[in-house]
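What follows is each chain in one-letter form.
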Amino acid sequence: MIKNTLSLALTLSVLLVGFFSSSSGQEVPQRVITHVTGDFYRAQNNNHNSAFLVTPEGIIVVDPLNEDFAEWLKQELDERFGVPVRYVLYSHHHWDHASGGAVFEDTAQFVGHANMLTHLAMPPDSTTLSDVIGQYAPVAALDTNANGQIEPSEAAGNDTDAPFSAFDANGDGLLSGAEVLRGPLSQVRPPTITYQNKLEITLGGKRAILEWVGEMNHSLDMSRIIFPEESVMMVVDYITFGRLPYRELDYELGMFQEWMAAIREAEETSKNYEYVTTGHGPLGNWENVTEWRVYFEKLHEVVATGITEGRSLAEMRENIRIPEYEHWTGYNWLHENVLGMYHFLTD
Ligand SMILES: [Zn+2]
């Protein structure tokens, strides 16, 4: 059982930085490369995990995370291994995992699910700030001078999880409705190779296999990535180890049944491999996927039962406990998870 090899104490540090995070970005990032098995390594940046496989013909990186981290990683890889990065594989398009790939573009191909291009596409120019729904609707609401765009002065001091510049795709110093609706994706280097259901990459005699997770809550472009020669499976965000689902936001897009099906499929698949590595949290194996699946089943059961019994949302948020998961990071988000599950069951 390989568990908790990396400190969970690290994992909260970045989640809690500000919305437009430049003002809180002075902390020294905690970065570490950890050997997992064979030629496979994890590379950690605060509470985010990247990973890479080294071969004689070059390196395959999963998720460059951000530009600053990618620059650091490139230098580390050059010093330690002296072979170039040939592939950057994307787990999915989200900015906090997929940004920074351009650092490797002189030598690498970029690989992601075909739906990544849809997620990265800019909405029509006619999109207004009031068209923005979902996670970034609070950004759109910052237009205090009602000129239809967000200036840096309007954004200052407000909370979101990404820098202003990450939203500002055309670099004009203003955020339009289209830029806010698209999200903070301006530092995501688009994939040069896409696939629909399954893709096998071979480099230096070793394989990386990308499999589409299917349409589900977290995103529509999620890849499960398997390194069969190293007996490692990597899954990001739709499965996390040792941490509760992120607030209520992880529930936002609906498709809970599809999400559960994807988790169960990953749980079965992971039994074929010795290690499972995730985008957040410690290295683990199939048993940790089971723990994650059981968390959702418990949360689902307690909220569904509460609704049937006529408990109010406010009362459930106040009083629901799942004590078996108290030791997980983010347990104080449980009331937000209750809110997310409540919406799943009632919307
Ligand atoms: Zn994500």
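Before going into details, it helps to say that this report is about the structure given with it. (Residues numbered from 1 in each chain as written. Predicted model: local features only at pLDDT ≥ 70, side-chain atom pairs only at ≥ 80, totals over all residues.)

**Some points on the overall build of the protein chain**
Of the regular secondary structure elements, the protein chain holds eleven helices and twelve strands. Taken over the C-alpha atoms alone, the protein chain extends approximately 60 × 50 × 40 Å along its principal axes. Across the 347 residues that make up the protein chain, the buried fraction comes to 44%. Taking the contacts inside the protein chain whose residues are at least 6 apart along the sequence as the reference set, 68% of them involve residues at least 24 apart. (Helix = DSSP H or I, 4+ residues; strand = E, 2+ residues; numbered from the N terminus. Buried ≥ 20, exposed ≤ 12 C-beta atoms within 10 Å, placed from the backbone. Contact = placed C-beta atoms within 7 Å.)

**A short note on unusual backbone geometry**
Non-glycine residue leucine 65 carries a positive phi angle of around 70°. Phi is positive for aspartate 237, close to 70°, though the residue is something other than glycine. Residue position: aspartate 237 is located in the loop between β11 (232-235) and α8 (256-270).

**Observations regarding the packing of α8 against helix α9 (residues 286-308)**
Following both chains from N to C, one finds α8 and α9 inclined at 160°, their axes separated by 9 Å at the closest point. Classified by the angle between their axes, α8 and α9 sit roughly antiparallel to one another. In terms of crossing hand, the pair formed by α8 and α9 is left-handed. Residues Met260, Ile263, Arg264, Ala266, Glu267 and Ser270 of α8 pack against Trp286, Val289, Thr290, Trp292, Arg293 and Phe296 of α9. Among the residues making up the contact of α8 with α9, the classes are represented as seven nonpolar, two polar and three charged. (Axes fitted to C-alpha atoms, helices over the stretch in contact; angles between N-to-C directions. Parallel < 35°, antiparallel > 145°, perpendicular 65-115°, else oblique. Left-handed = near helix turned anticlockwise from the far one by under 90°. Nonpolar A, V, L, I, M, F, W, Y, C, P; charged D, E, K, R; others polar.)

**Describing the packing of α9 against helix α11 (residues 334-346)**
Axis separation between α9 and α11 bottoms out at 10 Å; the angle between their running directions is 65°. Note on packing geometry: the crossing formed by α9 with α11 is right-handed. In this structure, α9 uses Leu299, His300, Val303, Ala304 and Ile307 to contact α11, whose residues at the interface are Asn337, Val338, Met341, Tyr342, Leu345 and Thr346. By residue class, the composition of the contact of α9 with α11 is eight nonpolar, three polar and no charged.

**A word on the sheet that holds strand β4 (residues 58-62)**
Pairing is mixed across the open sheet formed by seven strands, whose spatial order is β1-β2-β3-β4-β5-β6-β7. The two strands at the open ends of the sheet, each matched to only one other strand, are β1 (31-37) and β7 (193-195). Averaged over all pairs of adjacent strands, the angle between strand axes in this sheet comes to 20°, irrespective of strand direction. Bridge analysis of strand β6 (residues 109-113) against β7 gives three bridges, and the strand direction is parallel. Residue pairing in the sheet places valine 111 in a bridge with isoleucine 193 of β7. With respect to the sheet, helix α1 (residues 67-81) is in contact with β1, β2 (40-45), β3 (48-55), β4 and β5 (85-89), its orientation differing from that of β1 by roughly 50°. (Pairing = 2+ DSSP bridges.)

**With respect to the sheet that holds strand β10 (residues 223-227)**
If you walk across this open sheet you meet the five strands as β8-β9-β10-β11-β12, and the pairing is mixed. Only two strands of the sheet have a single neighbouring strand rather than two, namely β8 (198-203) and β12 (275-278). Looking at each pair of strands side by side, their axes are set apart by 20° on average, direction ignored.

**Some words on the pairing of β11**
Taking every second residue as pointing to the same face, both faces of β11 are buried, with Val232 and Met234 on one and Met233 and Val235 on the other. As paired strands, β10 and β11 are joined by three bridges and run antiparallel to one another. Bridge pairing in β11 places isoleucine 226 opposite methionine 233. Taking the residues that link successive antiparallel strands as the turn, the β10-β11 hairpin has four residues, and the phi of serine 231 there is positive, at about 55°.

**What to know about the nonpolar core**
Residues Phe52, Leu89, Val180 and Tyr238 are the most contacted members of the largest nonpolar core, which totals 69 residues. Filtering out sequence-adjacent residues up to four positions away, phenylalanine 52 remains in contact with Tyr41, Ala43, Ile59, Ile60, Val61 and Val62. Of all hydrophobic cores here, the second largest spans seven residues; its members include Leu299, Val303, Met341 and Phe344. (Core = buried A, V, L, I, M, F, W, Y, C linked by C-beta atoms within 7 Å.)

**Thoughts on the pairing of β8**
Across the six residues of β8, zero count as buried, placing the element largely on the outside. Between β8 and strand β9 (residues 206-212), which pair antiparallel and follow one another directly, the connecting turn spans two residues, one of which, glycine 204, has a positive phi of 55°.

**As for α1**
An ideal rise of 1.5 Å per residue puts 21 Å on 15 residues; α1 measures up with 21 Å between its terminal C-alpha atoms. Here α1 has its buried residues at Phe69, Ala70, Leu73, Lys74 and Leu77. The arc that holds the buried residues of α1, viewed along the axis, is 140°, so those residues lie on one side. Away from its buried face by more than 90 degrees, α1 exposes Gln75 and Glu79. Downstream of α1 by one or two residues, glycine 82 has phi in the positive range, about 65°. (Expected span 1.5 Å × (residues − 1). Arc of directions from axis to C-beta.)

**Notes on the environment of methionine 255**
By the secondary structure assignment, methionine 255 is in the loop between β11 and α8. Judged by the 17 C-beta atoms lying within 10 Å of it, methionine 255 is partly exposed. Along the backbone, methionine 255 and glutamine 187 are 68 residues apart, and their C-alpha atoms lie at a distance of 28 Å. Among all residues touching methionine 255, those that are not within four sequence positions of it are Glu215, Met216 and Asn217.

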